[in-house]
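Residue strings, one per chain:
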Amino acid sequence: MNPAFFDRRAVDVARDLIGAGLDMAGAGGVIVETEAYEPDDPASHSFRGPSARNAVMFGPAGHAYVYRSYGIHWCLNFVCKPGSAVLIRALHPIRGLEEMERRRGLADPVLLCSGPGRLCQALGITIEHNGLPLFEPPFALSPPEAEPIVVTGRRIGISKVVDLPWRFGLSGSVHISRKFTGKGGLAPQDAAPGS
DNA sequence: TTTGTGATGCACT
DNA sequence: GTGCATCACAAAA
């Protein structure tokens with residue numbers, strides 16, 4: 001997991017991030033759900049060009065783009081090629097469980113990191129992390145240990161270009177934010193044993 | 001199980 | 001003023 005890994009199309013990076021490890025200061029787990037946002041993508045924050053909020057998306061690849069969602073939550077993205085990024089939507093929590101449970105105020109492992117807002121709350125990610133490189137603390141990324149079975153589907157919560165299959169998930173994982181129906185995507189979500 | 005809604009900040013028209 | 005890359009909880013079915 002080096003700068004070159006991120007300096008590609010967000011769609012490719014998003015797919016390859018499934019199964020990768022993500023930790024923040026010792027708390028985290030395995031990435032099980034992502035979404036890709038491209039420069040010419042009306043659903044992307046970068047679509048209308050650089051602004052104060054999305055400036056990081058136009059900076060170097062391999063940095064964190066954090067923004068406030070619905071005035072309440074934070075969402076974490078990994079910057080890829082200029083104007084593109086991958087939204088990290090869900091983790092399979094593994095390390096630092098007590099810390100994450102404390103931040104979330106609940107102990108259910110399924111609800112701990114299954115959503116972009118939940119994941120940021122569990123890992124303690126805020127706007128303070130916006131623009132930070134992913135190659136040094138508090139971030140710690142690690143490549144997938146085995147070749148994961150990846151399913152695709154429609155992105156969640158957007159109103160434009162809703163049909164693109166740019167959401168990726170680990171097949172069979174119970175830690176994803178919503179099921180992959182197979183409609184906009186392909187494989188059934190219960191194709192592999194749970195994770 | 002599905003649908004509805006309040007909370008709450010800020011970018012953009 | 002409008003619309004969000006969301007979440008939790010209530011109510012309906």
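Engineer: I'm lost on the pattern of salt bridges in this one. Help?
Structural biologist: Summed over the entire model, instances satisfying the criterion amount to 11 salt bridges. Ionic pairing is found between Asp 23 and Arg 95, a salt bridge with its closest N-O pair at 2.8 Å. You can see Asp 23 sitting in strand β1 (residues 21–24) and its partner Arg 95 sitting in strand β5 (residues 85–95), a full 72 residues away along the chain. One salt bridge connects Glu 33 with Arg 89, and the closest N-O pair in it is separated by 2.8 Å. In this pair, Glu 33 sits in strand β2 (residues 27–37) while Arg 89 sits in strand β5, placing the two residues 56 residues apart along the sequence. Ionic contacts of the salt-bridge type, sharing partners, join the residues Glu 33, Glu 35, Arg 89 and Arg 167 into one network.

Engineer: I would appreciate a short explanation of the environment of Asp 41 in the present structure.
Structural biologist: Topologically, Asp 41 is positioned in the loop between β2 and β3 (64–69). Taking the relative accessible area as the measure of exposure, Asp 41 reaches 2% and is therefore buried. Spatially, the C-alpha atoms of Asp 41 and Asn 130 are 22 Å apart, while their sequence positions differ by 89 residues. Setting aside chain neighbours within four positions, we find Asp 41 in contact with Ala 36, Phe 47, Arg 155, Val 161 and Trp 166. A distance of 2.6 Å separates a polar atom in the side chain of Asp 41 from a polar atom in the side chain of Arg 155.

Engineer: Any chance you could explain the protein's contact with DNA strand B here in plain terms?
Structural biologist: Around DNA strand B, the neighbouring residues are Arg 48, Ser 51, Arg 53, Arg 68, Tyr 70, Gly 71 and Ile 72. Here the atoms of DNA strand B within 4 Å of the protein split so that 50% fall in sugar or phosphate, with bases taking the remainder. Within the backbone of Tyr 70, one N or O atom sits 2.4 Å away from a base oxygen of DNA strand B. Between DNA strand B and Gly 71 there is a distance of 3.3 Å, counted from a sugar or linking oxygen to a backbone nitrogen or oxygen.

Engineer: Could you clarify how one ought to interpret the side chain of His 129 in this entry?
Structural biologist: Its location among the elements puts His 129 in the loop between α5 (116–123) and β6 (139–142). The class of His 129 is buried, set by a relative accessible area of 13%. Those residues in contact with His 129, other than ones at most four positions away along the chain, are Met 24, Ala 64, Val 66, Gly 124, Pro 138 and Phe 139.

Engineer: Help me understand the protein's contact with DNA strand C, please; the structure alone is not making it clear to me.
Structural biologist: Inspection of the region around DNA strand C gives 19 residues, with Tyr 67, His 73, Asn 77, Arg 118 and Gly 157 positioned closest. At 3.0 Å, a side-chain N or O of Tyr 67 approaches a base nitrogen of DNA strand C. One of the side-chain nitrogen or oxygen atoms of Ser 69 is found 3.2 Å away from a sugar or linking oxygen of DNA strand C. Elements that contribute at least two residues to the surface near DNA strand C include exactly β3, β4 (73–79), β5 and α5. Of the residues assigned to the surface near DNA strand C, the class counts are 8 nonpolar, 8 polar and 3 charged.

Rules behind the numbers
- Every chain is numbered on its own, with residues counted from 1 as its sequence reads.
- Think of it this way: whatever chain is written first is A, whatever ligand is written first is 1, and the rest follow in order.
- Restriction of local features to residues with pLDDT of at least 70 applies here, the model being predicted, together with a cutoff of 80 or more for giving and counting side-chain atom pairs; totals for whole chains, interfaces and linings are based on all residues.
- The side-chain quantities take in all heavy atoms of the structure and omit both hydrogens and water.
- Here a salt bridge means any side-chain nitrogen of Lys or Arg lying within 4 Å of a carboxyl oxygen belonging to Asp or Glu.
- In this description a helix means any DSSP run of H or I spanning at least four residues, a strand means any run of E spanning at least two, and both kinds are numbered starting from the N terminus.
- Throughout this description, buried means an accessible area under 20% of the type-specific maximum (1.4 Å probe, protein chains only), exposed means over 50%, and partly exposed covers the range between.
- Any pair of residues with heavy atoms lying within 4.5 Å of one another is described as a contacting pair.
- Within 3.5 Å is the distance limit for a polar contact, defined as a pair of N or O atoms, with the added protein rule that one can donate a hydrogen and the other accept it, and that residues adjacent in sequence qualify only through two side-chain atoms.
- Only a single heavy atom is needed: when it lies within 4 Å of a molecule or strand, its residue is near that molecule or strand.
- Amino acids outside the nonpolar list (Ala, Val, Leu, Ile, Met, Phe, Trp, Tyr, Cys, Pro) and the charged list (Asp, Glu, Lys, Arg) are all regarded as polar, and Gly is one of them.

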